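Structure assessment
Okay, here's what each chain looks like letter by letter:
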Amino acid sequence: MKRTGAARKHKATRRWSQKLQIETRWSDTTQRIQLLRQAAEFIDNNQGKGIVAADIHQHLGLHARKVNEIFLRFYGVSASTYLREYKCKVLFVQILMAPKNLQQDHYPAAGMTGSPGEKRAFKSLYGVSVDDHWSRSQAESSRDHPREPPHPSLPNALLWAEETIQKLMATITGPTAN
């Protein structure tokens, strides 16, 4: 006995899948650039809210694989790795800007919890632990300086995205050597 229902269902699923692939081609660089800008703006706007990569996926309305593909193409890392590094950079600057605050107060402001994994990521990025960075910043702030050094600014994901896009566009439209 022939099972025609299963074959039709498989054919319909295959046609739907092909149609979906055609409608969502990722060869359009402009579309990827726009999505990267939207992701960066979302990250900057929600810096202290403890967002995760899934929040970026939901905000963009895309599957996690597509978002990771964009981040891998532009930054060479996944969205979650990028976000973890971004939060570490925010924490680093916040400690520099306000070393007198308690160390535990800096974590939520950077969108972090202070977990051991976050502390390891910080140390691998800067080569110094959060505790040591905080202690050094406190020691530096207690010294009398003849003039105040310039204050660092918080990381800006949108600015980084624009810089990355400019580099990419320069390589695409750059002169070709013959």
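Described in the following lines is the structure provided in the data block. (Residues numbered from 1 in each chain as written. Predicted model: local features only at pLDDT ≥ 70, side-chain atom pairs only at ≥ 80, totals over all residues. Heavy atoms only, no water.)

Let's talk about the environment of Thr113
Among the secondary structure elements, Thr113 is positioned in the loop between helix H6 (103–109) and helix H7 (116–126). Residue classification places Thr113 among the exposed positions, given a relative accessible area of 67%. C-alpha separation for the pair Thr113 and Gly50, spaced 63 residues apart in sequence, amounts to 8.0 Å. (Helix = DSSP H or I, 4+ residues; strand = E, 2+ residues; numbered from the N terminus. Buried < 20%, exposed > 50% of the residue type's maximum accessible area, 1.4 Å probe, protein only.)

Some remarks on H7
Among all positions in H7, only Glu118, Ala121 and Phe122 are buried. When H7 is viewed along its axis, its buried side chains cluster within an angular range of 100° and face the same direction. What points out from H7, more than 90 degrees from its buried face, is the exposed set Pro116, Arg120 and Ser124. Tucked inside the fold, the buried residues of H7 contact helix H5 (79–97) and helix H8 (130–142). (Arc of directions from axis to C-beta. Contact = heavy atoms within 4.5 Å.)

Observations regarding the packing of aromatic side chains
Counted by the stated rule, this structure contains eight aromatic pairs. Both rings, one in Phe71 and one in Tyr82, keep their centres 5.3 Å apart while their planes meet at 55°; by these two values the pair is tilted. Linking Phe71 in helix H4 (residues 64–75) with Tyr82 in helix H5, this pair joins segments that are eleven residues apart in sequence. Each member of the pair, Phe71 as well as Tyr82, is classed as buried. Between the aromatic rings of Phe92 and Phe122, the centroid separation amounts to 6.2 Å while the plane-to-plane angle is 35°, which identifies the pairing as tilted. Placement of Phe92 in helix H5 and of Phe122 in helix H7 is noted, with a sequence separation of 30 residues between them. In this structure Phe122 comes out as buried when scored by relative accessible area, which is 0%. Within the aromatic cluster, the residues linked to one another by ring pairs are Phe71, Tyr75, Tyr82, Tyr86 and Trp160. (Phe/Tyr/Trp six-rings, centres within 6.5 Å; stacked < 30°, edge-to-face > 60°.)

Describing the packing of H4 against H5
One way to put it is that H4 packs onto H5 with a least axis distance of 8 Å and a crossing angle of 60°. Residues Val67, Asn68, Phe71 and Tyr75 of H4 form the contact with H5, whose participating residues are Ala79, Ser80 and Tyr82. Its residues assigned to classes, the contact of H4 with H5 shows five nonpolar, two polar and no charged. (Axes fitted to C-alpha atoms, helices over the stretch in contact; angles between N-to-C directions. Nonpolar A, V, L, I, M, F, W, Y, C, P; charged D, E, K, R; others polar.)

Concerning the pattern of salt bridges
Taken as a whole and assessed by the stated rule, the structure comprises two salt bridges. Notably, a salt bridge pairs Glu69 with Arg32, separated by 3.2 Å at the nearest N-O pair. Highlighted residues: Glu69 in helix H4 and Arg32 in helix H2 (residues 29–45), separated in sequence by 37 residues. On the basis of relative accessible area, Glu69 is assigned to the partly exposed category, the value being 27%. According to the relative accessible area criterion, Arg32 is buried, its value standing at 7%. The residue Glu162 makes a salt bridge to Arg37 at a minimum N-O spacing of 2.6 Å. One end of the pair, Glu162, is in helix H9 (residues 157–173); the other, Arg37, is in helix H2, and 125 residues separate them in sequence. (Salt bridge = Lys/Arg side-chain N within 4 Å of Asp/Glu carboxyl O.)

Some remarks on the packing of H2 against H4
Two elements in contact, H2 and H4, have axes separated by 10 Å at closest approach and are oriented at 95°. Classed by the angle they form, the pair H2 and H4 counts as roughly perpendicular. Across from Arg32, Ile33, Leu35, Leu36, Ala39 and Ile43 in H2, the residues of H4 making contact are Glu69, Ile70, Phe71, Arg73, Phe74 and Tyr75. When the residues that make up the contact of H2 with H4 are grouped by side-chain class, the tally is nine nonpolar, no polar and three charged. (Parallel < 35°, antiparallel > 145°, perpendicular 65-115°, else oblique.)

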